[in-house]
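Each chain, written out:
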Amino acid sequence: MSTPVLSLRGVTKRFGGLVAVNAMDFDVAEREVVGLLGPNGSGKSTTLNLISGALPLTSGHVSLWGSRISGLPAQTITRKGVSRTFQLVRLLPSMNVRENVVAGAVFGHRRRWGQDAWDHADQLLDKVGLGGKGDMALGQLTYIDTKRVELARTLASDPKVLLLDEWLAGLNPTELQIGITLIKSLRDEGRTIILVEHVMDAIRSLCDRCVVMASGTKIAEGTPTQVLSDKEVIRAYLGDDDA
Amino acid sequence: MSLTATDIRNLCLASLVFAICALLPLGDQGYWLGLGVTIAMFTALATSWALFSGPTHYISLATAAFFGVGTYVTGLGIDTLPFWSLVGLAGVIGAVLAALVGLATLRLSGVYFVIFTLGLAELVRQVITWVQNNSGQKGLYVLTDLDEAGIYWWLLGLSAAVFLTGWLIGRSRLGFALRIIGDDETVAAHSGINTARAKVLLFMVPGAVAAMTGAILAPRYVYIEPSLAFAPILSFQVVIMALLGGASRLWGPVLGVIPFTFLLEAVSSNFPNQTTLVIGVAFLVIVYLLPGGFVGLMGRINRHLNTREGA
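Residues numbered from 1 in each chain as written. Chains lettered and ligands numbered in written order. Predicted model: local features only at pLDDT ≥ 70, side-chain atom pairs only at ≥ 80, totals over all residues.

Enquirer: Can you walk me through the nonpolar core in this structure?
Expert: In globular proteins that are soluble, nonpolar side chains generally tend to be buried together. Core analysis: the largest hydrophobic core is formed by 157 residues, its most contacted members being Val101 and Ala152 of chain A together with Leu155 and Ala211 of chain B. For this core, the element with the most residues is helix H10 (residues 195-221) of chain B, which contributes 14 residues. Taken domain by domain, the makeup of this core includes at least three residues from each of domain 1 (6-81 + 160-242) and domain 2 (97-159) of chain A. Beyond its immediate chain neighbours, meaning those up to four positions away, leucine 155 of chain B contacts Val37, Ala40, Met41, Ala44, Thr213 and Ile216 of chain B. (Core = buried A, V, L, I, M, F, W, Y, C linked by C-beta atoms within 7 Å. Buried ≥ 20, exposed ≤ 12 C-beta atoms within 10 Å, placed from the backbone. Helix = DSSP H or I, 4+ residues; strand = E, 2+ residues; numbered from the N terminus. Domains from an automatic or database assignment. Contact = placed C-beta atoms within 7 Å.)

Enquirer: Teacher, can you tell me more about the packing of helix H13 (residues 252-270) of chain B against helix H14 (residues 275-289) of chain B here?
Expert: Packed helix pairs are characterised by how far apart their axes lie and by the angle those axes make with each other. Residues and elements named next belong to chain B. With their axes 9 Å apart at the nearest point, H13 and H14 run at an angle of 145° to one another. Read as a crossing pair, H13 and H14 show a hand that is right-handed. The segment H13 lies against H14, with Phe260, Leu263, Leu264, Val267 and Ser268 engaging Thr275, Val278 and Ala282. Across the contact of H13 with H14, the residue classes tally to six nonpolar, two polar and no charged. (Axes fitted to C-alpha atoms, helices over the stretch in contact; angles between N-to-C directions. Left-handed = near helix turned anticlockwise from the far one by under 90°. Nonpolar A, V, L, I, M, F, W, Y, C, P; charged D, E, K, R; others polar.)

Enquirer: It is not clear to me how the environment of histidine 120 of chain A should be interpreted in this structure. Could you clarify?
Expert: Residue and element names in this part refer to chain A. Position of histidine 120 relative to the elements: it lies in helix H4 (residues 115-127). Along the chain, histidine 120 and serine 157 lie 37 residues apart, while their C-alpha atoms are 9.7 Å from each other. Not counting the four nearest positions on each side in its chain, histidine 120 is found in contact with Ala105, Arg112 and Ala156.

Enquirer: Help me out: how do you make sense of the sheet that holds strand E8 (residues 192-196) of chain A in this one?
Expert: Neighbouring strands of a sheet are bound in pairs by backbone hydrogen bonds; such pairs are parallel or else antiparallel. All names here are of chain A. Pairing is mixed in the open sheet, where six strands are placed in the order E6-E7-E8-E3-E9-E10. In this open sheet, the two strands that pair with only one neighbour each are strand E6 (82-84) and strand E10 (217-222). Taken over all neighbouring pairs, the strand axes of this sheet differ in orientation by 20° on average, direction set aside. Inspection of the sheet shows strand E9 (residues 209-214) paired to E10 by five bridges, in the antiparallel sense. Looking at the pairing, methionine 213 lines up with lysine 218 of E10. The strands touched by helix H1 (residues 44-52) within the sheet are strand E3 (33-37), E6, strand E7 (161-165), E8 and E9, with E7 carrying the most contacts at an inclination of about 150°. (Pairing = 2+ DSSP bridges.)

Enquirer: Please clarify how the interface of chain B and chain A should be interpreted in this entry.
Expert: Where interface size is quoted, it is often the accessible area lost as the parts come together. Between chain B and chain A, the contact holds 16 residues from the first and 20 residues from the second. The greatest single-element share of the side of chain B that touches chain A, amounting to six residues, is contributed by helix H8 (residues 173-183) of chain B. Considered class by class, the residues forming the side of chain B that touches chain A number seven nonpolar, five polar and four charged.

Enquirer: Please clarify how the sheet that holds strand E4 (residues 59-64) of chain A should be interpreted in this entry.
Expert: All names here are of chain A. Taken in spatial order, the four strands line up as E2-E1-E4-E5 in an open sheet, and their pairing is antiparallel. The open sheet terminates on both sides in strands that have one partner only, identified here as strand E2 (18-28) and strand E5 (67-68). Of the strand pairs in this sheet, E4 and E5 are connected by two bridges, and their pairing is antiparallel. Bridge pairing in E5 places serine 63 opposite arginine 68. On the sheet, H1 packs against strand E1 (6-15), E2 and E4 and is oriented at approximately 65° with respect to E2.

Limitation: the analysis is restricted to geometry and does not speak to function.
Below you can see the structure in the form of C-alpha coordinates.
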(Lines give C-alpha, C1' and ligand atoms only; values in the text may rest on other atoms or scores of the structure.)
Protein backbone atom coordinates (compact mmCIF):
# COMPACT_ATOMS: atom_id res chain seq x y z
CA MET A 1 0.00 0.00 0.00
CA SER A 2 1.31 3.49 -0.84
CA THR A 3 1.42 6.27 1.75
CA PRO A 4 -2.02 6.50 3.36
CA VAL A 5 -3.80 9.86 3.08
CA LEU A 6 -4.68 9.84 6.74
CA SER A 7 -3.24 7.73 9.49
CA LEU A 8 -3.97 7.55 13.21
CA ARG A 9 -1.41 6.10 15.59
CA GLY A 10 -2.12 5.56 19.25
CA VAL A 11 -4.71 8.32 19.23
CA THR A 12 -6.03 8.76 22.76
CA LYS A 13 -8.40 11.23 24.38
CA ARG A 14 -9.03 11.42 28.09
CA PHE A 15 -11.72 13.58 29.69
CA GLY A 16 -10.57 13.56 33.31
CA GLY A 17 -10.73 9.90 34.32
CA LEU A 18 -12.77 8.83 31.31
CA VAL A 19 -10.86 7.45 28.35
CA ALA A 20 -13.13 8.36 25.43
CA VAL A 21 -10.75 7.20 22.73
CA ASN A 22 -8.11 4.64 23.56
CA ALA A 23 -5.04 4.09 21.36
CA MET A 24 -6.82 4.12 18.01
CA ASP A 25 -4.75 3.01 15.02
CA PHE A 26 -5.99 2.99 11.48
CA ASP A 27 -5.13 4.23 7.99
CA VAL A 28 -7.23 5.62 5.20
CA ALA A 29 -5.96 5.22 1.64
CA GLU A 30 -6.59 7.66 -1.17
CA ARG A 31 -10.09 7.38 -2.71
CA GLU A 32 -11.16 5.05 0.06
CA VAL A 33 -14.45 5.34 1.96
CA VAL A 34 -14.02 4.20 5.54
CA GLY A 35 -16.95 3.77 7.92
CA LEU A 36 -16.43 4.39 11.61
CA LEU A 37 -18.99 2.30 13.48
CA GLY A 38 -19.84 1.43 17.03
CA PRO A 39 -22.59 1.70 19.62
CA ASN A 40 -23.56 5.07 21.08
CA GLY A 41 -20.85 6.54 23.27
CA SER A 42 -18.11 4.37 21.80
CA GLY A 43 -15.99 7.37 20.81
CA LYS A 44 -16.68 7.71 17.07
CA SER A 45 -17.54 11.40 17.08
CA THR A 46 -14.70 12.12 19.48
CA THR A 47 -12.31 10.41 17.06
CA LEU A 48 -13.62 12.62 14.28
CA ASN A 49 -13.19 15.69 16.53
CA LEU A 50 -9.59 14.68 17.18
CA ILE A 51 -8.88 14.37 13.44
CA SER A 52 -10.50 17.73 12.59
CA GLY A 53 -8.78 19.56 15.41
CA ALA A 54 -11.99 20.40 17.27
CA LEU A 55 -10.43 18.72 20.32
CA PRO A 56 -6.76 18.35 21.29
CA LEU A 57 -5.32 14.83 21.61
CA THR A 58 -4.16 13.52 24.96
CA SER A 59 -1.55 11.35 23.22
CA GLY A 60 -0.76 9.73 19.89
CA HIS A 61 -0.75 11.48 16.54
CA VAL A 62 -2.70 11.95 13.33
CA SER A 63 -0.90 12.52 10.02
CA LEU A 64 -2.03 13.67 6.63
CA TRP A 65 0.11 12.44 3.73
CA GLY A 66 2.76 11.51 6.28
CA SER A 67 3.00 14.91 7.95
CA ARG A 68 1.65 15.41 11.40
CA ILE A 69 -1.56 17.42 11.77
CA SER A 70 -2.49 16.62 15.36
CA GLY A 71 -1.73 19.55 17.65
CA LEU A 72 -2.51 22.06 14.92
CA PRO A 73 -5.53 24.36 15.32
CA ALA A 74 -8.72 23.42 13.46
CA GLN A 75 -8.32 26.20 10.88
CA THR A 76 -4.85 24.96 9.89
CA ILE A 77 -6.07 21.38 9.54
CA THR A 78 -8.95 22.63 7.38
CA ARG A 79 -6.51 24.57 5.19
CA LYS A 80 -4.44 21.42 4.75
CA GLY A 81 -7.49 19.78 3.23
CA VAL A 82 -9.52 18.03 5.94
CA SER A 83 -13.12 19.21 5.96
CA ARG A 84 -16.06 18.07 8.06
CA THR A 85 -19.76 18.17 8.81
CA PHE A 86 -21.12 18.18 12.34
CA GLN A 87 -23.28 15.64 14.14
CA LEU A 88 -25.82 18.37 14.87
CA VAL A 89 -26.01 20.47 11.70
CA ARG A 90 -24.21 23.79 12.13
CA LEU A 91 -25.15 26.54 9.71
CA LEU A 92 -24.71 30.31 9.76
CA PRO A 93 -28.13 31.74 10.65
CA SER A 94 -27.55 35.31 9.50
CA MET A 95 -26.70 34.22 5.95
CA ASN A 96 -28.69 32.81 3.08
CA VAL A 97 -28.10 29.39 1.56
CA ARG A 98 -25.53 30.53 -1.01
CA GLU A 99 -23.52 32.57 1.52
CA ASN A 100 -23.40 29.54 3.80
CA VAL A 101 -21.69 27.60 1.03
CA VAL A 102 -19.38 30.48 0.08
CA ALA A 103 -18.25 30.51 3.74
CA GLY A 104 -16.58 27.17 3.09
CA ALA A 105 -14.90 28.33 -0.11
CA VAL A 106 -13.12 31.52 0.97
CA PHE A 107 -10.65 30.46 3.66
CA GLY A 108 -10.18 26.72 3.21
CA HIS A 109 -7.91 24.33 1.37
CA ARG A 110 -8.51 25.76 -2.09
CA ARG A 111 -9.52 29.42 -1.84
CA ARG A 112 -11.92 31.38 -3.96
CA TRP A 113 -13.32 34.88 -3.59
CA GLY A 114 -15.69 37.16 -5.42
CA GLN A 115 -17.64 35.96 -8.45
CA ASP A 116 -15.55 32.80 -8.62
CA ALA A 117 -16.70 31.81 -5.11
CA TRP A 118 -20.36 32.59 -5.89
CA ASP A 119 -20.31 30.53 -9.08
CA HIS A 120 -18.58 27.69 -7.30
CA ALA A 121 -21.20 27.76 -4.53
CA ASP A 122 -24.00 27.60 -7.11
CA GLN A 123 -22.38 24.61 -8.79
CA LEU A 124 -22.14 22.82 -5.45
CA LEU A 125 -25.75 23.66 -4.62
CA ASP A 126 -26.76 22.07 -7.93
CA LYS A 127 -24.70 19.03 -7.10
CA VAL A 128 -26.23 18.44 -3.66
CA GLY A 129 -29.71 18.97 -5.08
CA LEU A 130 -30.38 22.53 -3.99
CA GLY A 131 -30.11 24.16 -7.42
CA GLY A 132 -31.96 27.48 -7.51
CA LYS A 133 -32.34 27.69 -3.73
CA GLY A 134 -29.27 29.87 -3.19
CA ASP A 135 -31.24 32.97 -2.22
CA MET A 136 -33.44 31.19 0.30
CA ALA A 137 -33.16 31.83 4.03
CA LEU A 138 -32.16 28.87 6.18
CA GLY A 139 -35.51 28.93 7.99
CA GLN A 140 -37.27 27.93 4.78
CA LEU A 141 -35.33 24.68 4.42
CA THR A 142 -36.38 21.15 5.34
CA TYR A 143 -34.11 19.10 7.57
CA ILE A 144 -32.40 17.21 4.75
CA ASP A 145 -31.85 20.48 2.90
CA THR A 146 -30.00 21.95 5.90
CA LYS A 147 -27.80 18.87 5.79
CA ARG A 148 -27.24 19.44 2.08
CA VAL A 149 -26.18 23.03 2.71
CA GLU A 150 -23.67 21.89 5.29
CA LEU A 151 -22.32 19.24 2.92
CA ALA A 152 -21.96 21.81 0.13
CA ARG A 153 -20.08 24.15 2.51
CA THR A 154 -17.77 21.29 3.46
CA LEU A 155 -17.09 20.49 -0.22
CA ALA A 156 -16.53 24.14 -1.12
CA SER A 157 -12.80 24.16 -0.38
CA ASP A 158 -12.09 21.00 -2.42
CA PRO A 159 -10.97 18.98 0.62
CA LYS A 160 -8.68 15.97 0.27
CA VAL A 161 -10.40 14.22 3.14
CA LEU A 162 -14.07 14.54 4.00
CA LEU A 163 -15.30 13.72 7.51
CA LEU A 164 -19.05 13.10 7.73
CA ASP A 165 -20.45 12.82 11.24
CA GLU A 166 -23.76 10.91 11.06
CA TRP A 167 -24.71 12.80 7.95
CA LEU A 168 -27.55 10.33 7.24
CA ALA A 169 -28.99 10.29 10.76
CA GLY A 170 -32.52 11.55 11.28
CA LEU A 171 -33.59 11.27 7.64
CA ASN A 172 -36.85 9.58 6.66
CA PRO A 173 -36.68 6.53 4.33
CA THR A 174 -37.13 8.57 1.13
CA GLU A 175 -34.56 11.16 2.20
CA LEU A 176 -32.22 8.37 3.22
CA GLN A 177 -32.17 7.00 -0.32
CA ILE A 178 -31.47 10.49 -1.66
CA GLY A 179 -28.71 10.92 0.94
CA ILE A 180 -27.06 7.59 0.12
CA THR A 181 -27.13 8.38 -3.61
CA LEU A 182 -25.54 11.76 -2.90
CA ILE A 183 -22.68 10.34 -0.86
CA LYS A 184 -22.24 7.61 -3.46
CA SER A 185 -21.74 10.32 -6.07
CA LEU A 186 -18.97 11.84 -3.93
CA ARG A 187 -17.43 8.40 -3.63
CA ASP A 188 -17.59 7.96 -7.40
CA GLU A 189 -15.70 11.23 -7.82
CA GLY A 190 -12.89 9.55 -5.98
CA ARG A 191 -13.02 11.46 -2.73
CA THR A 192 -11.45 10.12 0.43
CA ILE A 193 -14.17 9.94 3.06
CA ILE A 194 -14.49 8.89 6.68
CA LEU A 195 -18.07 8.54 7.78
CA VAL A 196 -19.44 7.95 11.22
CA GLU A 197 -22.69 6.12 10.62
CA HIS A 198 -25.37 3.95 12.20
CA VAL A 199 -27.42 3.25 9.11
CA MET A 200 -26.48 -0.29 8.02
CA ASP A 201 -27.82 0.04 4.46
CA ALA A 202 -25.58 3.02 3.97
CA ILE A 203 -22.57 1.28 5.42
CA ARG A 204 -23.03 -1.75 3.18
CA SER A 205 -23.46 0.24 0.00
CA LEU A 206 -20.91 2.99 0.64
CA CYS A 207 -17.95 1.74 2.65
CA ASP A 208 -14.88 -0.02 1.29
CA ARG A 209 -13.75 -0.75 4.79
CA CYS A 210 -15.05 -0.29 8.33
CA VAL A 211 -13.44 0.36 11.66
CA VAL A 212 -15.60 -0.66 14.62
CA MET A 213 -15.20 0.93 18.03
CA ALA A 214 -16.55 -0.03 21.44
CA SER A 215 -15.79 1.89 24.64
CA GLY A 216 -13.17 3.97 22.90
CA THR A 217 -11.18 1.01 21.53
CA LYS A 218 -10.98 -0.46 18.04
CA ILE A 219 -12.52 -3.94 18.16
CA ALA A 220 -12.66 -4.85 14.46
CA GLU A 221 -11.52 -3.67 11.03
CA GLY A 222 -12.33 -5.04 7.59
CA THR A 223 -14.94 -5.02 4.82
CA PRO A 224 -18.53 -4.28 5.91
CA THR A 225 -19.49 -7.97 5.54
CA GLN A 226 -16.51 -9.10 7.60
CA VAL A 227 -17.03 -6.71 10.50
CA LEU A 228 -20.80 -7.06 10.64
CA SER A 229 -20.47 -10.83 11.15
CA ASP A 230 -17.62 -10.46 13.64
CA LYS A 231 -18.52 -11.96 17.04
CA GLU A 232 -16.87 -9.13 18.94
CA VAL A 233 -18.90 -6.56 17.00
CA ILE A 234 -22.20 -8.37 17.52
CA ARG A 235 -21.45 -8.60 21.23
CA ALA A 236 -20.72 -4.87 21.40
CA TYR A 237 -24.00 -4.00 19.72
CA LEU A 238 -26.37 -6.65 21.09
CA GLY A 239 -24.79 -7.99 24.26
CA ASP A 240 -23.39 -11.43 25.17
CA ASP A 241 -26.56 -13.47 24.71
CA ASP A 242 -26.82 -12.92 21.00
CA ALA A 243 -23.17 -13.46 20.15
CA MET B 1 -14.73 43.02 -6.59
CA SER B 2 -15.73 45.82 -8.88
CA LEU B 3 -18.13 48.60 -7.96
CA THR B 4 -21.77 48.17 -8.84
CA ALA B 5 -24.11 51.03 -9.69
CA THR B 6 -25.53 50.88 -6.16
CA ASP B 7 -22.05 51.15 -4.66
CA ILE B 8 -21.27 54.24 -6.72
CA ARG B 9 -24.61 55.81 -5.82
CA ASN B 10 -24.01 55.13 -2.10
CA LEU B 11 -20.50 56.55 -2.28
CA CYS B 12 -21.75 59.72 -3.98
CA LEU B 13 -24.57 60.06 -1.48
CA ALA B 14 -22.22 59.62 1.47
CA SER B 15 -19.75 62.18 0.06
CA LEU B 16 -22.62 64.63 -0.41
CA VAL B 17 -23.82 64.17 3.18
CA PHE B 18 -20.30 64.74 4.51
CA ALA B 19 -19.86 67.79 2.29
CA ILE B 20 -23.08 69.30 3.66
CA CYS B 21 -22.04 68.51 7.22
CA ALA B 22 -18.70 70.22 6.57
CA LEU B 23 -20.55 73.50 5.93
CA LEU B 24 -21.88 73.69 9.51
CA PRO B 25 -19.13 75.98 10.93
CA LEU B 26 -19.94 78.55 8.21
CA GLY B 27 -23.50 78.83 9.55
CA ASP B 28 -22.91 78.86 13.28
CA GLN B 29 -19.85 79.19 15.50
CA GLY B 30 -21.51 78.71 18.87
CA TYR B 31 -24.09 76.33 20.26
CA TRP B 32 -24.78 74.32 17.10
CA LEU B 33 -21.13 73.91 16.27
CA GLY B 34 -20.57 72.62 19.80
CA LEU B 35 -23.29 70.03 19.29
CA GLY B 36 -21.77 69.23 15.89
CA VAL B 37 -18.41 68.47 17.53
CA THR B 38 -20.10 66.13 20.01
CA ILE B 39 -22.03 64.36 17.27
CA ALA B 40 -18.98 64.00 15.03
CA MET B 41 -16.95 62.69 17.95
CA PHE B 42 -19.53 60.06 18.93
CA THR B 43 -20.14 59.12 15.30
CA ALA B 44 -16.47 58.21 14.92
CA LEU B 45 -16.38 56.40 18.26
CA ALA B 46 -19.69 54.54 18.00
CA THR B 47 -19.30 53.56 14.34
CA SER B 48 -15.82 52.17 14.88
CA TRP B 49 -16.99 50.44 18.07
CA ALA B 50 -19.77 48.72 16.14
CA LEU B 51 -17.35 47.60 13.40
CA PHE B 52 -15.84 45.25 15.95
CA SER B 53 -18.66 44.60 18.41
CA GLY B 54 -21.44 44.31 15.83
CA PRO B 55 -20.23 41.15 14.12
CA THR B 56 -18.34 39.57 17.03
CA HIS B 57 -20.83 40.42 19.83
CA TYR B 58 -17.93 41.28 22.13
CA ILE B 59 -18.94 44.32 24.21
CA SER B 60 -15.85 46.47 24.60
CA LEU B 61 -15.70 49.12 27.34
CA ALA B 62 -12.16 50.09 26.44
CA THR B 63 -13.09 53.25 24.48
CA ALA B 64 -12.13 55.52 27.39
CA ALA B 65 -8.72 53.85 27.66
CA PHE B 66 -7.83 54.46 24.01
CA PHE B 67 -9.41 57.92 24.06
CA GLY B 68 -7.40 58.92 27.13
CA VAL B 69 -4.17 57.63 25.63
CA GLY B 70 -4.89 59.76 22.56
CA THR B 71 -5.43 62.96 24.58
CA TYR B 72 -2.14 62.34 26.37
CA VAL B 73 -0.30 61.85 23.08
CA THR B 74 -1.42 65.35 22.07
CA GLY B 75 -0.84 66.73 25.57
CA LEU B 76 2.74 65.49 25.71
CA GLY B 77 3.71 66.14 22.11
CA ILE B 78 1.98 69.40 21.22
CA ASP B 79 5.03 71.56 21.98
CA THR B 80 7.40 69.53 19.81
CA LEU B 81 5.43 67.95 16.98
CA PRO B 82 2.85 69.23 14.47
CA PHE B 83 -0.76 68.46 15.36
CA TRP B 84 -1.46 66.22 12.35
CA SER B 85 1.45 63.94 13.19
CA LEU B 86 0.16 63.61 16.76
CA VAL B 87 -3.21 62.40 15.47
CA GLY B 88 -1.46 59.80 13.33
CA LEU B 89 0.84 58.80 16.18
CA ALA B 90 -2.16 58.41 18.51
CA GLY B 91 -3.78 56.15 15.91
CA VAL B 92 -0.70 53.94 15.73
CA ILE B 93 -0.35 53.76 19.52
CA GLY B 94 -4.09 53.02 19.89
CA ALA B 95 -3.88 50.23 17.31
CA VAL B 96 -0.83 48.66 18.95
CA LEU B 97 -2.42 48.88 22.40
CA ALA B 98 -5.60 47.31 21.01
CA ALA B 99 -3.58 44.51 19.43
CA LEU B 100 -1.88 43.76 22.76
CA VAL B 101 -5.20 43.86 24.62
CA GLY B 102 -6.78 41.71 21.91
CA LEU B 103 -4.04 39.08 22.04
CA ALA B 104 -4.37 38.92 25.81
CA THR B 105 -8.15 38.92 26.09
CA LEU B 106 -9.99 37.87 22.97
CA ARG B 107 -9.70 34.27 24.05
CA LEU B 108 -11.86 35.32 26.98
CA SER B 109 -15.49 35.13 26.21
CA GLY B 110 -18.51 37.20 27.13
CA VAL B 111 -18.47 38.88 30.49
CA TYR B 112 -14.75 38.37 31.15
CA PHE B 113 -13.88 40.43 28.11
CA VAL B 114 -16.30 43.20 29.18
CA ILE B 115 -14.79 43.42 32.66
CA PHE B 116 -11.23 43.37 31.36
CA THR B 117 -11.84 46.24 28.97
CA LEU B 118 -13.56 48.26 31.69
CA GLY B 119 -10.62 47.61 33.98
CA LEU B 120 -8.16 48.61 31.29
CA ALA B 121 -9.25 52.26 31.27
CA GLU B 122 -8.98 52.36 35.04
CA LEU B 123 -5.55 50.72 34.93
CA VAL B 124 -4.11 53.18 32.41
CA ARG B 125 -5.59 56.09 34.36
CA GLN B 126 -4.01 54.87 37.61
CA VAL B 127 -0.64 54.38 35.93
CA ILE B 128 -0.66 57.91 34.52
CA THR B 129 -1.78 59.37 37.84
CA TRP B 130 1.04 57.51 39.54
CA VAL B 131 3.61 58.78 37.02
CA GLN B 132 2.31 62.33 37.42
CA ASN B 133 2.43 62.14 41.20
CA ASN B 134 6.02 60.94 41.06
CA SER B 135 7.03 63.64 38.62
CA GLY B 136 5.22 66.30 40.64
CA GLN B 137 3.10 67.30 37.67
CA LYS B 138 -0.68 67.47 37.98
CA GLY B 139 -2.04 67.90 34.49
CA LEU B 140 -1.05 69.06 31.03
CA TYR B 141 -1.89 72.28 29.23
CA VAL B 142 -2.77 71.88 25.57
CA LEU B 143 -2.50 75.26 23.91
CA THR B 144 -2.96 75.44 20.16
CA ASP B 145 -4.48 77.81 17.65
CA LEU B 146 -6.92 75.08 16.60
CA ASP B 147 -10.42 76.48 17.07
CA GLU B 148 -13.78 74.72 17.42
CA ALA B 149 -14.36 74.71 13.65
CA GLY B 150 -10.95 73.12 13.10
CA ILE B 151 -11.70 70.37 15.63
CA TYR B 152 -15.06 69.79 13.98
CA TRP B 153 -13.48 69.34 10.55
CA TRP B 154 -10.86 66.97 11.92
CA LEU B 155 -13.55 64.83 13.59
CA LEU B 156 -15.73 64.91 10.50
CA GLY B 157 -12.77 63.73 8.41
CA LEU B 158 -12.08 60.97 10.91
CA SER B 159 -15.76 59.88 10.78
CA ALA B 160 -15.59 59.76 6.99
CA ALA B 161 -12.45 57.64 7.23
CA VAL B 162 -14.22 55.30 9.68
CA PHE B 163 -17.16 54.89 7.30
CA LEU B 164 -14.84 54.23 4.38
CA THR B 165 -12.84 51.69 6.41
CA GLY B 166 -16.04 49.98 7.54
CA TRP B 167 -17.34 49.84 4.00
CA LEU B 168 -14.08 48.39 2.70
CA ILE B 169 -13.92 45.81 5.51
CA GLY B 170 -17.53 44.84 4.80
CA ARG B 171 -16.56 43.99 1.22
CA SER B 172 -13.37 42.19 2.20
CA ARG B 173 -12.63 38.64 3.18
CA LEU B 174 -11.96 39.90 6.71
CA GLY B 175 -15.50 41.28 6.92
CA PHE B 176 -16.95 38.02 5.65
CA ALA B 177 -14.82 36.06 8.14
CA LEU B 178 -16.18 38.18 10.98
CA ARG B 179 -19.76 37.54 9.99
CA ILE B 180 -19.03 33.81 10.09
CA ILE B 181 -17.31 34.15 13.47
CA GLY B 182 -20.29 36.09 14.81
CA ASP B 183 -22.65 33.33 13.68
CA ASP B 184 -20.67 30.31 14.80
CA GLU B 185 -17.06 30.35 15.85
CA THR B 186 -16.66 26.57 15.55
CA VAL B 187 -17.83 26.64 11.95
CA ALA B 188 -15.48 29.58 11.33
CA ALA B 189 -12.45 27.62 12.55
CA HIS B 190 -13.51 24.57 10.55
CA SER B 191 -13.86 26.72 7.44
CA GLY B 192 -10.19 27.62 7.74
CA ILE B 193 -10.54 31.01 9.42
CA ASN B 194 -7.87 32.07 11.91
CA THR B 195 -10.48 33.41 14.33
CA ALA B 196 -8.05 34.94 16.83
CA ARG B 197 -6.17 36.87 14.14
CA ALA B 198 -9.36 38.18 12.54
CA LYS B 199 -10.69 39.43 15.86
CA VAL B 200 -7.42 41.11 16.87
CA LEU B 201 -7.11 42.83 13.47
CA LEU B 202 -10.62 44.21 13.75
CA PHE B 203 -10.25 45.26 17.38
CA MET B 204 -7.35 47.50 16.27
CA VAL B 205 -9.80 49.68 14.32
CA PRO B 206 -11.84 51.04 17.27
CA GLY B 207 -8.61 51.25 19.28
CA ALA B 208 -6.95 53.46 16.69
CA VAL B 209 -10.06 55.57 16.09
CA ALA B 210 -10.72 56.21 19.78
CA ALA B 211 -7.11 57.25 20.32
CA MET B 212 -7.24 59.58 17.30
CA THR B 213 -10.51 61.06 18.57
CA GLY B 214 -8.87 61.73 21.92
CA ALA B 215 -5.87 63.32 20.21
CA ILE B 216 -8.11 65.62 18.17
CA LEU B 217 -10.22 66.66 21.15
CA ALA B 218 -7.34 67.37 23.53
CA PRO B 219 -7.02 71.04 22.44
CA ARG B 220 -10.68 71.54 23.28
CA TYR B 221 -10.09 70.59 26.91
CA VAL B 222 -7.10 72.99 27.18
CA TYR B 223 -6.15 71.36 30.48
CA ILE B 224 -6.10 67.56 30.64
CA GLU B 225 -5.81 65.32 33.66
CA PRO B 226 -6.40 61.57 34.07
CA SER B 227 -9.90 61.78 35.56
CA LEU B 228 -11.06 63.82 32.58
CA ALA B 229 -9.23 61.94 29.83
CA PHE B 230 -10.13 58.45 31.05
CA ALA B 231 -13.71 59.10 32.21
CA PRO B 232 -15.39 55.66 32.11
CA ILE B 233 -18.77 57.23 31.28
CA LEU B 234 -17.46 57.75 27.73
CA SER B 235 -17.19 54.00 27.16
CA PHE B 236 -20.78 53.49 28.29
CA GLN B 237 -22.12 56.35 26.19
CA VAL B 238 -20.50 54.88 23.09
CA VAL B 239 -21.99 51.44 23.75
CA ILE B 240 -25.47 52.85 24.40
CA MET B 241 -25.44 55.07 21.31
CA ALA B 242 -24.21 52.27 19.07
CA LEU B 243 -26.79 49.83 20.41
CA LEU B 244 -29.58 52.40 20.23
CA GLY B 245 -28.89 52.90 16.54
CA GLY B 246 -28.08 49.26 15.85
CA ALA B 247 -24.66 47.67 15.55
CA SER B 248 -25.54 45.34 12.69
CA ARG B 249 -25.25 47.99 9.97
CA LEU B 250 -22.48 50.42 9.17
CA TRP B 251 -24.88 53.37 9.27
CA GLY B 252 -26.69 52.09 12.37
CA PRO B 253 -24.74 53.73 15.21
CA VAL B 254 -25.09 57.26 13.79
CA LEU B 255 -28.89 56.84 14.07
CA GLY B 256 -28.34 56.43 17.80
CA VAL B 257 -25.68 59.12 18.15
CA ILE B 258 -27.79 62.01 16.86
CA PRO B 259 -30.95 61.60 18.98
CA PHE B 260 -28.97 60.59 22.05
CA THR B 261 -26.71 63.65 21.82
CA PHE B 262 -29.77 65.92 21.66
CA LEU B 263 -31.38 64.05 24.55
CA LEU B 264 -28.26 64.31 26.72
CA GLU B 265 -27.89 67.96 25.79
CA ALA B 266 -31.49 68.71 26.78
CA VAL B 267 -31.18 66.81 30.04
CA SER B 268 -27.82 68.21 31.07
CA SER B 269 -28.94 71.80 30.49
CA ASN B 270 -32.26 71.40 32.32
CA PHE B 271 -31.51 68.73 34.93
CA PRO B 272 -27.71 68.68 35.22
CA ASN B 273 -27.73 66.07 38.00
CA GLN B 274 -29.85 63.51 36.19
CA THR B 275 -27.53 62.70 33.27
CA THR B 276 -26.53 59.31 34.64
CA LEU B 277 -30.19 58.48 35.21
CA VAL B 278 -30.98 59.18 31.57
CA ILE B 279 -28.17 56.91 30.44
CA GLY B 280 -29.47 54.16 32.70
CA VAL B 281 -33.04 54.50 31.49
CA ALA B 282 -31.88 54.58 27.86
CA PHE B 283 -30.01 51.36 28.43
CA LEU B 284 -33.11 49.65 29.84
CA VAL B 285 -35.23 50.89 26.95
CA ILE B 286 -32.76 49.46 24.44
CA VAL B 287 -32.55 46.11 26.19
CA TYR B 288 -36.31 45.68 26.62
CA LEU B 289 -37.85 47.52 23.68
CA LEU B 290 -35.20 47.89 20.99
CA PRO B 291 -32.96 44.82 21.05
CA GLY B 292 -31.69 45.46 17.52
CA GLY B 293 -31.69 49.25 17.87
CA PHE B 294 -33.38 51.49 15.31
CA VAL B 295 -31.95 49.29 12.54
CA GLY B 296 -33.66 46.23 14.01
CA LEU B 297 -36.89 48.19 14.44
CA MET B 298 -36.83 49.28 10.80
CA GLY B 299 -36.21 45.69 9.75
CA ARG B 300 -39.23 44.51 11.75
CA ILE B 301 -41.48 47.23 10.30
CA ASN B 302 -40.30 46.32 6.79
CA ARG B 303 -41.03 42.65 7.30
CA HIS B 304 -44.42 43.50 8.78
CA LEU B 305 -45.31 45.60 5.75
CA ASN B 306 -44.09 42.90 3.36
CA THR B 307 -46.17 40.16 4.99
CA ARG B 308 -49.23 42.40 4.92
CA GLU B 309 -48.69 43.06 1.25
CA GLY B 310 -48.22 39.35 0.63
CA ALA B 311 -51.38 38.40 2.52
